[in-house]
Amino acid sequence: MGSDNEAEKSAHKEKEKKKLLALAPIARPLAGKKLCKRTLKLVRKAAEHKCLKRGVKEVVKSIRRGNKGFCVIAGNITPIDVITHVPILCEEADIPYVYVPSKEDLANAGSTKRPTCCVLVLTKPTKGELGQEEQEKLKSEYSQVVSDVSELASSLF
């Protein structure tokens, strides 16, 4: 029994190593394990409340229109040219952004089956309104993750 559990652990570690090896060289600031978990949890909640833009085209369109939010970019995108302009747009618009190791994990958190390059977590839904309590929960989690990301970014630059 113990060997099966250890085999699963070693397979999981191997999978994590492969994710890190597939990272693009521009994937900075990269979220650590804890921040990555919290970021993906925020993306999941935003997807439930329809406060999420998925894919490069939608994200770029939203940023150019002046929507504010928090951008999460997958670090294992090939070719890298697909997403190289997104961090620049985010910096110009004062939108915090962070890289996560896997596009598959980002897609699962965003409630899609297709791997997703990047998502933009909006502060309020595009259509309709949220209940006051749900809005407060989302806002508090959003601000906590954004503060952690800005702290991470300031330590890098």
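Above: the structure in question.
This is a predicted model, so every value here is computed, not measured.

> Help me understand the packing of aromatic side chains in this model?
The description of an aromatic ring pair rests on the distance of the ring centres and on the angle between the ring planes. A complete count under the given rule lists one aromatic pair for this structure. A centroid spacing of 6.2 Å and a plane angle of 80 degrees characterise the contact between tyrosine 97 and tyrosine 99, whose relative ring orientation is edge-to-face. Assigned by exposure class, tyrosine 97 and tyrosine 99 land together as buried.

> Would you take a moment to explain the nonpolar core for this structure?
Side chains of a nonpolar character, in soluble globular proteins, are inclined to be buried together. Counting residues in hydrophobic clusters, the biggest one holds 45 residues, and the most contacted among them are Phe70 and Cys71. Secondary structure elements with two or more residues in this core: α2 (33–48), α3 (56–65), β2 (69–74), α4 (85–92), β3 (97–100), α5 (103–109), β4 (118–122) and α6 (132–156). With seven residues, α2 is the largest single contributor of residues to this core. Other than its neighbours up to four places away in sequence, cysteine 71 contacts Val59, Val86, Cys90, Ile95, Pro96, Tyr97, Val98, Val119 and Leu120.

Calculation criteria
Residues numbered from 1 in each chain as written. Predicted model: local features only at pLDDT ≥ 70, side-chain atom pairs only at ≥ 80, totals over all residues. Heavy atoms only, no water. Phe/Tyr/Trp six-rings, centres within 6.5 Å; stacked < 30°, edge-to-face > 60°. Buried < 20%, exposed > 50% of the residue type's maximum accessible area, 1.4 Å probe, protein only. Core = buried A, V, L, I, M, F, W, Y, C linked by side-chain atoms within 4.5 Å. Helix = DSSP H or I, 4+ residues; strand = E, 2+ residues; numbered from the N terminus. Contact = heavy atoms within 4.5 Å.

None of this, on its own, says anything about what the molecule does.
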